[in-house]
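Observations on the three-dimensional arrangement
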Amino acid sequence: MPKNQLVQYKGGGYDGCFWEWNFCFYDKDGKWHDIASSGIYGCRNEEAWLAYKARADKNEYSAYDLSNDGWGQFVKEAHESLVVGVGKYLLDHGFFPASIACSECGQLTSCNELESTSYRGNGGIGIITEDYVCGECYSKYACVYCGGYQGKDYDFCEEYFCEWCHEEHCEGKEETIEEEKD
Ligand SMILES: [Zn+2]
Ligand SMILES: [Zn+2]
Ligand SMILES: [Zn+2]
């Protein structure tokens, strides 16, 4: 059996249609673990996984050897939110010291200490790019009122509020500023 091997595979399958990434893991002793399995293609035990692997095409799963920079490869290839979720599992079980670079400052940060910036109020439905930053960057670039992350390029008002909180809570107080310069 492989050791320290993380596997990402096409699991899921609801009503026989949609798949989603599922994950399993062989620890340093070669013991199999189900990290996330869903739908009819999800593998709840090693037998199911071996059967899956036996009939799967090459593009239906990827195996990463964590003893051999597999983590770095996985980080490059997988969606960031999945990376963080899997990383947390590996950390919580003491399997692997999973960390990724903070998307603001680049500091290598444990997956358990990352903050998701998906709260960024980008105005309704649409694709929200989810980023993960270290705690330090998060508190540096978040609105002090609602805690919403704004990013390092955001021009905070004096109170360090986001645009929305500024409109809600600051503007009423600035009644004297009537003439606006364009
Ligand atoms: Zn950072
Ligand atoms: Zn705010
Ligand atoms: Zn303000």
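From a predicted model like this one, the values you see are computed outputs, not experimental measurements. (Residues numbered from 1 in each chain as written. Chains lettered and ligands numbered in written order. Predicted model: local features only at pLDDT ≥ 70, side-chain atom pairs only at ≥ 80, totals over all residues.)

We now examine the overall build of the protein chain. Along the backbone of the protein chain there are five helices and eight strands. When the elements of the protein chain are put in sequence order from the N terminus, they spell out β-β-β-α-β-α-α-β-β-β-β-α-α. Looking at the protein chain as a whole, 24% of its 182 residues are labelled buried. Considering only residue pairs separated by 6 or more positions, the protein chain has 42% of its internal contacts joining residues 24 or more positions apart. (Helix = DSSP H or I, 4+ residues; strand = E, 2+ residues; numbered from the N terminus. Buried ≥ 20, exposed ≤ 12 C-beta atoms within 10 Å, placed from the backbone. Contact = placed C-beta atoms within 7 Å.)

The backbone phi angle of Asp 69 is positive, close to 60°, even though this residue is not glycine. Along the chain, Asp 69 turns up in the loop between β4 (61-65) and α2 (70-77). A tally of 11 C-beta atoms within 10 Å means that Asp 69 is categorised as exposed. Phi is positive for Tyr 160, which is not a glycine, with a value near 65°. Structurally, Tyr 160 can be placed in the loop between α4 (135-140) and α5 (163-170). The exposure class of Tyr 160 is partly exposed, given the 14 C-beta atoms found within 10 Å.

The four strands lie next to each other as β3-β2-β1-β4, forming an open sheet whose pairing is antiparallel. What marks the edges here is a single partner per strand, and that holds for β3 (32-36) and β4. If you compare each strand with its neighbour and ignore which way they point, the axes differ by 30° on average. Pairing analysis gives five bridges linking strand β1 (residues 5-14) to β4, with the strands arranged antiparallel. Pairing of Tyr 9 across the sheet is with Tyr 61, part of β4. (Pairing = 2+ DSSP bridges. Axes fitted to C-alpha atoms, helices over the stretch in contact; angles between N-to-C directions.)

This part is about the nonpolar core. Core analysis: the largest hydrophobic core is formed by 34 residues, its most contacted members being Leu 6 and Val 133. For this core, the elements supplying multiple residues, two or more each, are β1, β2 (18-26), α1 (46-55), α2, α3 (80-92), β8 (132-134) and α4. Mapped onto the domain boundaries, this core takes at least three residues apiece from domain 1 (5-97) and domain 2 (116-174). The contacts of Val 133, once residues within four sequence positions are left out, are Cys 102, Ser 103, Glu 104, Leu 114, Glu 115, Thr 117 and Tyr 138. (Core = buried A, V, L, I, M, F, W, Y, C linked by C-beta atoms within 7 Å. Domains from an automatic or database assignment.)

Along the polypeptide, Gln 5 turns up in strand β1. Remark: the alpha-carbon pair of Gln 5 and Trp 32, spanning 27 residues in sequence, is separated by 9.3 Å. With near-sequence residues (within four places) excluded, Gln 5 lies in contact with Tyr 26, Ala 63, Tyr 64, Asp 65 and Leu 66.

Moving on: the pairing of β1. In this structure, β1 lies alongside β2, joined through nine bridges in antiparallel fashion. Across the sheet, the residue bridging to Val 7 is Cys 24, located in β2.

Inspection of the secondary structure assignment puts Gly 94 in the loop between α3 and β5 (99-101). Residue classification places Gly 94 among the exposed residues on the basis of 8 C-beta atoms within 10 Å. For the pair Gly 94 and Asp 27, spaced 67 residues apart in sequence, the C-alpha to C-alpha distance is 9.9 Å.

Turning to the confidence of the model for the protein chain, a few remarks are in order. Detailed reading of predicted coordinates is not advised where the pLDDT is low. The predicted model of the protein chain averages 89 in pLDDT, with 86% of residues at 70 or higher. Confidence, expressed as mean pLDDT per element, reaches its minimum in the protein chain at strand β7 (residues 114-116) with 91 and its maximum at β3 with 98. (pLDDT = per-residue confidence, 0-100.)

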